[in-house]
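Survey of secondary and tertiary structure
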Amino acid sequence: MTAVPSSLAAHRVRADAADCVSAGQVRYAPLKSLWFTGMALGAVIGGLATFSWAAFALFLVTTAIVLLFGHSLGSHRKFIHSSYDCPKWLEYTLVYCGVQVGLAGPLGLLRQHELRDYAQRLPLCHDYLRHGRAWWQDAWWQLHCDLVLARPPVIRLEPRIAGDAYYRFLERSWMAQQLPWAVLFYLWGGWGFVFWGVCARVTAGVFGHWLIGYFAHNRGGMHHTVRGAAVQGRNIPFTSLLTMGECWHNNHHAFPGSARLGLYRGEWDPGWWCLLALQRVGLVWNLRLPADLPPREELVALPSPPPHAGLLDAWRLCFRSWRGVPTTALLVRWPAYWLSRAALARLFGASVQLRRDPRRRRLTVCAGPLQASGLAAFAIAAAQRHRALAVLCAVLMPLLLLDRRGAATAGV
């Protein structure tokens, strides 16, 4: 049996074989596939046919509610990790909201999470469990298939959870729990409210959960690394409001039991803000933070990298020439094998400093203490060439910053 970290000693998963989470087959799951496909078709076809601003507003409000109170506070931070305490009636309410996301029943979601969490901490696990394939294949696997392990480990749930009649009821009827809301929305606003308030909401929740999960295990910044783990969590900036703080996945891998996920400066965490508000009125207590958790010998803090330009910083850099700021304050470093100085000077303008740096794997732009890399760096440098390019690059910048992968750690 491969040695496992001591932090897994109290885990809900128990395994008796070294390959318990690596040997298995991915098989098509008809019910899972039909559920997502049906909701997606209803959202796209029905939603377009019945669009109204009122229905769209219903979609935005209901999606925000179930993601914040259901998925983030209810299913994840409370039900799975028990990172805070609250009255039972509030726990039931939050978990019910989590069922409305449309991923699975509470017990099934808990088992899926625990299996994936256990597998990712081991040296080897199946690609299905670590989002280890190309995005298009991983999307098919996660949205339409299930993993059938050859020798699945045992997942032991606490009696207070496994034996709870309410949770068992939600587990049996989690798909049907959309029907009361569909009827209510139909009586309120017709089919448009059904397509947008149910189908589009479920589609956004399920698809968004896969999309963030894929990037959170493949691309993004890291404050910590877990030694011996098959995969590392990644932080996905600029999606904190959309995910209610769940995008700080590297922080979560480091401190799974923490009620706060955005742990560092500039990491917005709406779920944590909501918990603080509930704590103020006495509805939640005993919020657990990293300092309250037992130490993990396999957890290693990484050196702080040079600060990356955030979205506002990137916009300011794009438009710095408009304010009369000399563009020579921008330094572009690029790998020695990537284009020529003449080509880059033509692309960015002669006033931007250029420097070959064989230690760099990607093009990087440096402005004082800030730096950006990859497509974002290319856009910032190109924006100095012409005002029209600055506007175009500023519009695209939120998407370009998502491409921020592994910037070089060499000093400026």
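Reading the values: the criteria
Going along each chain's sequence as written, the residues are numbered from 1 onward. Residue-level local features of this predicted model are given only where pLDDT is at least 70; pairs of side-chain atoms are given and counted only at 80 or more, and the full residue set underlies all totals for whole chains, interfaces and linings. In computing side-chain properties, one takes all heavy atoms of the structure into account and sets aside hydrogens as well as water. Elements are defined by DSSP. Helices are runs of H or I of four residues or more, strands are runs of E of two residues or more, and each kind is numbered from the N terminus. For this measure, only C-alpha atoms enter the radius of gyration; the expected value for a globule follows 2.2 Å times N^0.38, where N is the number of residues. The buried label applies to any residue whose accessible area, calculated with a 1.4 Å probe on protein chains only, is under 20% of its type's maximum; exposed applies above 50%, and partly exposed to all values in between. Two strands are counted as paired when DSSP detects at least two bridges linking them. Interaxial angle, 0 to 180 degrees, is taken between N-to-C directions of lines fitted to C-alpha atoms, where a helix line uses only the stretch in contact. Any two residues whose heavy atoms approach within 4.5 Å at even a single point are treated as in contact. Multiply 1.5 Å by the residue count of a helix minus one, and that product is the helix's expected span. Positive: Lys, Arg. Negative: Asp, Glu. His and the chain ends are not part of the count. What counts as a salt bridge is simple: a side-chain nitrogen of Lys or Arg found within 4 Å of a carboxyl oxygen of Asp or Glu. Between rings of Phe, Tyr and Trp, where Trp is taken as its six-membered ring, a pair exists when centres lie within 6.5 Å; planes separated by under 30 degrees are stacked, by over 60 edge-to-face, and by other angles tilted. Patches were defined on residues exceeding 30% relative accessible area and lacking a salt bridge, with like-charge contacts within 9 Å and nonpolar side-chain contacts (Val, Leu, Ile, Met, Phe, Trp, Tyr) within 5 Å. What sets the accessible areas is the Shrake-Rupley method with a 1.4 Å probe; for residues, cover comes only from the shown protein chains. Confidence scores here are pLDDT values: one per residue, from the predictor, ranging 0 to 100. Any angle that is under 35 degrees is reported as roughly parallel, and any over 145 degrees as roughly antiparallel; angles of 65 to 115 degrees are reported as roughly perpendicular and all others as oblique. Residue polarity is assigned by list, with Asp, Glu, Lys and Arg as charged and Ala, Val, Leu, Ile, Met, Phe, Trp, Tyr, Cys and Pro as nonpolar; anything else, Gly included, falls into the polar class.

Scanning the protein chain from N- to C-terminus turns up 17 helices and 10 strands. Scaling as 2.2 N^0.38, a compact globule of 412 residues should have a C-alpha radius of gyration of about 22 Å, and the protein chain matches this with 24 Å. Summarising its shape, the C-alpha atoms of the protein chain cover approximately 70 × 55 × 45 Å along the three principal directions. Counting over 412 residues, the protein chain shows a buried share of 51%.

Moving on, we come to the sheet that holds strand E8 (residues 353–356). Read across the sheet, four strands follow the order E8-E7-E9-E10 without closing on themselves; strand pairing throughout is mixed. In this open sheet, the two edge strands, each paired with only one partner strand, are E8 and strand E10 (370–373). For this sheet, the mean inter-axis angle between neighbouring strands, taken without regard to orientation, is 20 degrees. Sitting on the sheet, helix H15 (residues 341–348) is in contact with strand E7 (331–334) and E8, with an inclination near 150 degrees to E8.

Right, let's get into helix H3 (residues 88–99). With 12 residues, H3 should reach 16 Å at 1.5 Å per residue; the first-to-last C-alpha distance of 17 Å fits that figure. Turning to H3, its buried residues number three or more, namely Leu 90, Glu 91, Leu 94, Val 95, Tyr 96, Cys 97, Gly 98 and Val 99. Contact partners of the buried residues in H3: helix H2 (53–80), helix H4 (106–121), helix H7 (159–162), helix H8 (165–173) and helix H9 (179–189).

Once that is clear, we can look at the environment of Pro 123. With respect to the element layout, Pro 123 can be found in the loop between H4 and helix H5 (127–130). The spatial distance from the C-alpha of Pro 123 to the C-alpha of Val 4 is 8.6 Å, given a sequence separation of 119 residues.

To continue, consider the side chain of Lys 78. Structurally, Lys 78 can be placed in helix H2. One buried charged side chain, Lys 78, makes no salt bridge at all; its nearest oppositely charged neighbour is Asp 85, positioned 4.0 Å away. Setting aside chain neighbours within four positions, we find Lys 78 in contact with Leu 73, Tyr 84, Asp 85, Cys 86 and Glu 91.

Moving on to helix H13 (residues 270–280). Looking at H13, one finds that the buried residues are Pro 270, Gly 271, Trp 272, Cys 274, Leu 275 and Leu 278. Where H13 is buried, its residues meet H2 and helix H11 (240–243). Once H13 finishes, Gly 282 follows within two positions and takes phi at roughly 85 degrees, a positive value.

Moving on to the packing of aromatic side chains. Counting across every chain of the model gives 24 aromatic pairs. A centroid spacing of 5.6 Å and a plane angle of 85 degrees characterise the contact between Phe 56 and Trp 196, whose relative ring orientation is edge-to-face. Here Phe 56, found in helix H2, pairs with Trp 196, found in helix H10 (residues 191–215); they are 140 residues apart in sequence, far enough to count as distant. A relative accessible area of 12% places Trp 196 in the buried class. Centroid distance Tyr 214 to Phe 215: 5.6 Å. Interplanar angle 85 degrees. Geometry classified as edge-to-face. Among the aromatic side chains, those forming a connected cluster through ring pairs are Phe 51, Trp 53, Phe 56, Phe 59 and Trp 196.

We now examine a nonpolar patch on the surface. A contiguous nonpolar surface patch, about 510 Å² in accessible area, is contributed by Trp 322, Leu 389, Val 391, Leu 392, Val 395 and Leu 396. Along the chain, Leu 389 falls in helix H17 (residues 387–400).

Following the criterion strictly, the structure yields 13 salt bridges and no others. A salt bridge links Arg 77 to Asp 269, with the nearest nitrogen and oxygen atoms 2.8 Å apart. Taken as a pair, Arg 77 in helix H2 and Asp 269 in the loop between helix H12 (249–254) and H13 lie far apart in primary sequence, 192 residues in all. Across the pair, Asp 269 and Arg 77 agree in class, each one buried. In this structure, Asp 117 engages Arg 121 in a salt bridge whose closest nitrogen and oxygen atoms are separated by 3.0 Å. Pair noted here: Asp 117 and Arg 121 are both in helix H4, with a separation of four residues, about one helical turn.

Within the chain, His 131 stands out as a residue other than glycine whose phi angle is a positive 55 degrees. Checked against the element boundaries, His 131 lands in the loop between H5 and helix H6 (135–144). Owing to a relative accessible area of 5%, His 131 belongs among the buried residues under this scheme. Phi at Phe 238 takes a positive value of approximately 70 degrees, unusual for a residue other than glycine.

The next subject is the confidence of the model for the protein chain. Mean pLDDT over the protein chain stands at 88; residues scoring 70 or higher make up 94%. In this model residues 406–412 is a low-confidence stretch, pLDDT under 50, and it forms 13 contacts with partners more than four residues away in sequence or in other chains.

Moving on, we come to the packing of H3 against H8. Packing of H3 against H8 brings their axes to within 11 Å, and their N-to-C directions diverge by 10 degrees. In terms of orientation, H3 lies roughly parallel with respect to H8. Here H3 contributes Lys 88, Glu 91, Tyr 92, Val 95, Tyr 96 and Val 99 to the contact with H8, which in turn contributes Tyr 166, Tyr 167 and Leu 170. Along the lines of polarity and charge, the residues of the contact of H3 with H8 split into seven nonpolar, no polar and two charged.

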